[in-house]
Amino acid sequence: MARPEIEPKTALGARLREFRKKLGDPDREEVAKRLGVSKNTLASYERGETEPTAAVMAAYRREFGASLLWLVTGEGAMFDDPSSAPDRNRGFDIALLQRIGDEVQAVFIQVKQKAPPRAITAEAGRLYNELLQMVSDIRDEELVEAVLPVIRARFKKRLQEAAAEPGSGKRSAS
């Protein structure tokens, strides 16, 4: 059973804890590893007992896209603009990609086309990249939920237009 969380002693500690929760509340051990510190050290930062070094603060930016201004002062946005983050395309949300793959499959069925599994995967990747271009923060679930129907509708339209063009191939949606 997890211990109850202790109220942070500093505003910086509270922001560090809030930041980890905004990431989906991953285990401290997982976050600590990416920051290059121990789990206990991260816990100490989040309780406000110690302050992270400049190198650790830089790791928050590099690994998670944190805005250093927000971490230090609480001003501005919590995350830097994803388009300026050096690791913006380093990782992806596997569950979201699978969900998009399911949407692709459903659209193929809806327009009465059978697609090979590789086409499903390729289209899911394309739609995921399209989503990345349309949302400012892929971690903003509300924004992603609002944009997914738009992406699905565009994909369906591309499939229908491709099927309507003679000699173009019914499965070529890109």
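Calculation rules
Residues numbered from 1 in each chain as written. Predicted model: local features only at pLDDT ≥ 70, side-chain atom pairs only at ≥ 80, totals over all residues. Heavy atoms only, no water. Phe/Tyr/Trp six-rings, centres within 6.5 Å; stacked < 30°, edge-to-face > 60°. Helix = DSSP H or I, 4+ residues; strand = E, 2+ residues; numbered from the N terminus. Buried < 20%, exposed > 50% of the residue type's maximum accessible area, 1.4 Å probe, protein only. Contact = heavy atoms within 4.5 Å. Axes fitted to C-alpha atoms, helices over the stretch in contact; angles between N-to-C directions. Parallel < 35°, antiparallel > 145°, perpendicular 65-115°, else oblique. Nonpolar A, V, L, I, M, F, W, Y, C, P; charged D, E, K, R; others polar.

A. Highlighting the packing of aromatic side chains. Summed over the entire model, instances satisfying the criterion amount to 4 aromatic pairs. Both rings, one in F19 and one in Y60, keep their centres 5.8 Å apart while their planes meet at 75 degrees; by these two values the pair is edge-to-face. Here the residue F19 occupies a position in helix α1 (residues 11-22), and Y60 occupies one in helix α4 (residues 54-64), the gap between them amounting to 41 residues. Note on accessibility: F19 and Y60 belong to one class, buried. Centroid distance F108 to F155: 5.6 Å. Interplanar angle 75 degrees. Geometry classified as edge-to-face.

B. Representation of the environment of L71. Counting through the fold element by element, L71 comes out in helix α5 (residues 68-73). Residue L71 is classed as buried on the basis of its relative accessible area of 0%. Residues L71 and R61, 10 residues apart in the sequence, show an inter-C-alpha distance of 9.5 Å.

C. Geometry of helix α3 (residues 39-47). Of the residues making up α3, those classed as buried are L42, A43, S44, Y45 and E46. Elements that come into contact with the buried residues of α3 comprise α1, α2 (28-35) and α4. Taken from the residues just after α3, G48 is the one with a positive phi, measuring 80 degrees.

D. Geometry of the packing of α2 against α4. Two numbers describe how α2 lies on α4: the axes approach to 9 Å, and their chain directions differ by 105 degrees. Between α2 and α4, the interaxial angle falls into the category roughly perpendicular. In this structure, α2 contributes V31, R34 and L35 to the contact, and α4 contributes V56, A59, Y60, E63 and F64. Class assignment for the residues of the contact of α2 with α4 results in 6 nonpolar, no polar and 2 charged.

E. Focus on the environment of L127. Turning to its location among the elements, L127 is positioned in helix α7 (residues 117-134). By relative accessible area, L127 is classed as buried at 3%. Sequence separation of L127 and I151 is 24 residues, and the distance between their C-alpha atoms is 6.8 Å.

Remember, this is a structural readout, not a statement about activity or role.
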